[in-house]
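# Observations on the three-dimensional arrangement
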Amino acid sequence: MVDTRTQAYINLFAVLGTLENLCELVPEAAELAQTPKPIAIGFDVKDGPAATLTFKDGKCRMEPGIGKVSVHMSFSSPAQFNAMIDGANPPISLGVILNMNFLLKQFTPLSKLLESYMRPTPEQLEDEKFFEVSTTLMFCTISVALSQIANNDEIGKFSAAHTPDGDIAFNIADGPGATLRVKDGRFLTLKKKGDNPRAIMEFESIKLARQLFDNEVNALGCIGTGRISMRGMINMLDNLNRLLDRVALYLA
Amino acid sequence: MSFELNTYAKNNEAFTRAQQLIPGGIYGHQGPAEGCYIPASAFPRFSAKAQGSYFWDLDGNRFVDYMCGYGPNVLGYGDPDVDAAALEQLKIENCVTIPSYKMVEFAELLVDTVKTADWAFFAKNGGDTTTLAIMTARAHTHKKKIIFVNGFYHGVAPWTQKIDYPGVIPEDVSNNLYVDWNDVPALEKLIAENEGEIAAFISTPYMHGNFIDNVLPEDGYWQKVREICTQKGIVLIVDDVRCGFRLNLAGSDAHYGFEADLICFCKALANGWNVSALCGKEFLKSTVSGMSYTGSYWMSAVPFAAGIACINKLKAIDACTEFRDKGTKIKEGLIAAAQNNGFHLVVSGEPALFYLRLADDDSLMLHQEWIAECVKRGIFVTNHHNHFINHALSYEDIQFTIDVAEDAFRTVKKNHPERA
């Protein structure tokens, strides 16, 4: 039931896209993202997504499409790209060779650092700061994955088509927030809290968010007790919930 | 006039216990998630007793109940005539190896009462009858596709759900076609695109979907749909589970001046005693008799006795006229209360099943705040679903409702000085 192409969109925009937030939240990541001159890596997946990841001044930014890049990574299919995300070697090109130093000494460690926050050990989560950053990064990944599923997965597109236009606030009360902007059945994730949402889904704490992400508590029960609060256009949130169901399928 | 606010300590304690044993604590439409309890803290969880148009929760808070058990409470909780008939039957027999003759009496009453009914088939829930209606249409036509009206609700069987719902697979809904309400040209186009493949068109008598203003049929809509279905050999199914016996005792198709081929009843059929019925035209009787479709409790006699008493009493009191009058008074009173406080309340649908929406923002958040303030003051209304009138609701209850609504509007106004 997992669509390879949708998985590629999630891997690129939601998973690699979280490098943006890693560099903001983790000093070690910001250090790794320091480059003497900006480096832009283009990920170009045939019959799939394309995006450019730019590293500049210790920050990282992802933009859709391939602009002027230092490294152009072409993938023959979504499956090949997904395999790289799962640990296979990237395709070799001239750009890769010329920037091998950055890729090996900075990009690969950055990716591994991201993975450590995304798949933490129970011991790591005992550290309060690590817990907070790890959960925030997971939240960012999920927020972006929602839009990728809404725009690409066949069943996700059905949910999206039934979602009224407007902004959905997807928030953690004492933590990060995202805005899911819906227009004509297409979703766009903005990694910031919105000003004027038509619907709000909010987790009462970052701790609860973690428990939900790790499937340790029942979401329906939390709605019943008010630990997850929902208000506004419930038919927007109803469809968001259906997309969240599918996020679990893709990010499992 | 101001009102004391409810507190829910015992409700919350019971809900915590329920969550240990029952999925979600309370699942389905009577629970806080699907029931859209926004905020959750404003709503009670469990009832302790019910009488007439009221229920009391575990903390002793009394509510004037405009959800009526989501429809079944049509005469009033514990109606003495219906309950006496049921209890009398209980002394005689209920769930037996062969059915009680009460089943025949109830069928005779329905055929006499419901205009389109030449026969009656009994089950338990509304969804039993919508599923039977679809199966009957397919068995009769030997076709597989079904046309639904967007925003529909016909129960919880997989065929009634959507492709993105948990537990539903694409094959469950692969023969479902969708058209907008009141859109005859779109219906004609859809039928042309699926010529010879459509078994049935199923719809509620008017669009009473959740989260949206309810919409009545345009002049001539149903007559045109009837004509098309007859021409094309499509079985016309009216899901009257929600509206049945609240608009017209002859059926909501009769109310809107047409005749369905199959009509589904449940909620108001027996004032809370568990029975549903599919009624239909003669030409489908042989088909439905051959269906493999039954259930352990479907021929229990007590609900039949209750149903007979209920329908007879609804007739005796001219209930539908009364429901329309009471619904209209509530509508007018609530709109005035809103206006007095600078709000614009839209009341849509039929007065007997009125739907509420505050139109002062495009997010429903103000509306949800107002509904919550009403509930905290003892009026049980919802922010997402149509409401129901029952016979026991008094004109004093209606005035109390309007007074509470006014106080709730004042509170919302006070909480939003930015609107001034």
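Residues numbered from 1 in each chain as written. Chains lettered and ligands numbered in written order. Predicted model: local features only at pLDDT ≥ 70, side-chain atom pairs only at ≥ 80, totals over all residues. Heavy atoms only, no water.

## So, the interface of chain B and chain A
Note the threshold: Two residues form a contact once any of their heavy atoms are found within 4.5 Å. Simply put, the buried area is the total loss of 1.4 Å probe accessible area from both parts when two parts are fitted together. We define a salt bridge as a contact between a side-chain nitrogen of Lys or Arg and a carboxyl oxygen of Asp or Glu at a distance within 4 Å. Polar contact is defined as a pair of N or O atoms within 3.5 Å, subject to the rule that within protein one atom must be able to donate a hydrogen and the other to accept it, and that residues adjacent in sequence are counted only when both atoms are side-chain atoms. Only DSSP runs of H or I covering at least 4 residues are called helices, and only runs of E covering at least 2 are called strands; the numbering of each starts at the N terminus. Three categories are distinguished: nonpolar for Ala, Val, Leu, Ile, Met, Phe, Trp, Tyr, Cys and Pro, charged for Asp, Glu, Lys and Arg, and polar for the others, with Gly belonging to the last.
With 20 residues of chain B at the interface, the matching set in chain A holds 24 residues. On the chain B side of the interface with chain A, the three residues burying the most area are B:Asp164, B:Phe211 and B:Met365, jointly 27% of the side's total. Between chain B and chain A we count 1 salt bridge in total. Taken together, the connections running from chain B to chain A amount to 6 residue pairs in polar contact (both at pLDDT 80 or more). Every element with two or more residues in the side of chain B that touches chain A is listed here: helix 1 (9–21) and helix 11 (365–376) of chain B. When grouped by side-chain class, the residues that make up the side of chain B that touches chain A number 12 nonpolar, 4 polar and 4 charged.

## Let's talk about the sheet that holds strand 1 (residues 47–51) of chain B
All names here are of chain B. Operational definition: Two strands are counted as paired when DSSP detects at least two bridges linking them.
The strand order across the open sheet formed by 4 strands is 1-2-3-13, and the pairing between neighbours is mixed. Each of the sheet's edge strands pairs with one partner strand only, and the pair in question is strand 1 and strand 13 (379–380). Of the pairings in the sheet, the one linking strand 3 (residues 62–65) to strand 13 comprises 2 bridges and is parallel in character. Note that in strand 13 the partner of valine 64 across the bridge is isoleucine 379.

## Description of the pattern of salt bridges
All names here are of chain B. Defined as follows: The rule is simple: take the accessible area with a 1.4 Å probe, protein chains only, and divide by the maximum for that residue type; under 20% is buried, over 50% is exposed, in between is partly exposed.
Counting across every chain of the model gives 30 salt bridges over all chains. Across the salt bridge formed by lysine 232 and glutamate 195, the nearest N and O atoms sit 3.5 Å from each other. Here lysine 232 is found in helix 6 (residues 221–232), whereas its partner glutamate 195 is found in the loop between helix 5 (184–193) and strand 7 (198–203), with 37 residues between them in sequence. Judged by relative accessible area, lysine 232 falls into the partly exposed class, the value being 36%. Judged by its relative accessible area of 48%, glutamate 195 is partly exposed.

## Some words on the layout of surface pockets
All names here are of chain A. Applied cut-off: Both cavities and pockets are sets of points on a 1 Å grid over the protein atoms alone; in a cavity a 1.4 Å probe fits but cannot get out, in a pocket the set is open with protein on both sides within 12 Å along at least five of seven lines, and lining residues sit with an atom within 4 Å of a point. Grid points are joined across faces, edges and corners, and a volume is the space filled by probe spheres set on the points.
Considered as a void within the structure, the second largest pocket measures approximately 790 Å³ in volume. Forming the boundary of the second largest pocket are 34 residues, of which Glu20, Met62, Val144, Thr189 and Lys191 lie nearest the centre. The set of elements that each furnish at least two residues to the lining of the second largest pocket consists of helix 1 (4–15), helix 2 (19–25), strand 3 (59–64), helix 7 (128–152), strand 6 (177–183) and strand 7 (186–190). Looking at which element gives the most residues to the lining of the second largest pocket, the answer is helix 7, with 9 residues. By residue class, the composition of the lining of the second largest pocket is 16 nonpolar, 10 polar and 8 charged.

## Notes on the domain arrangement of chain A
Residues and elements named next belong to chain A. Cut-off, in case you're wondering: Domain ranges listed in this record stem from an automatic or a database domain assignment.
Under the domain assignment used here, chain A contains domain 1 (4–118) and domain 2 (124–251). Look at where the C-alpha atoms of domain 1 and domain 2 centre, and you get two points 24 Å apart. Contacts between domain 1 and domain 2 engage 19 residues on the former and 18 residues on the latter. For the pair domain 1 and domain 2, the summed buried area comes to about 1600 Å², and 66% of that belongs to carbon and sulfur atoms. If you sort the residues of domain 1 by the area they bury against domain 2, Thr6, Ile10 and Tyr117 come out on top, with a joint share of 33%. Our count for the contact surface shared by domain 1 and domain 2 stands at 1 salt bridge. With its nearest N and O atoms 3.0 Å apart, the salt bridge here joins lysine 191 to glutamate 20. Mapped by element, the contributors of at least two residues to the side of domain 1 that touches domain 2 are helix 1, helix 2 and helix 6 (100–118).

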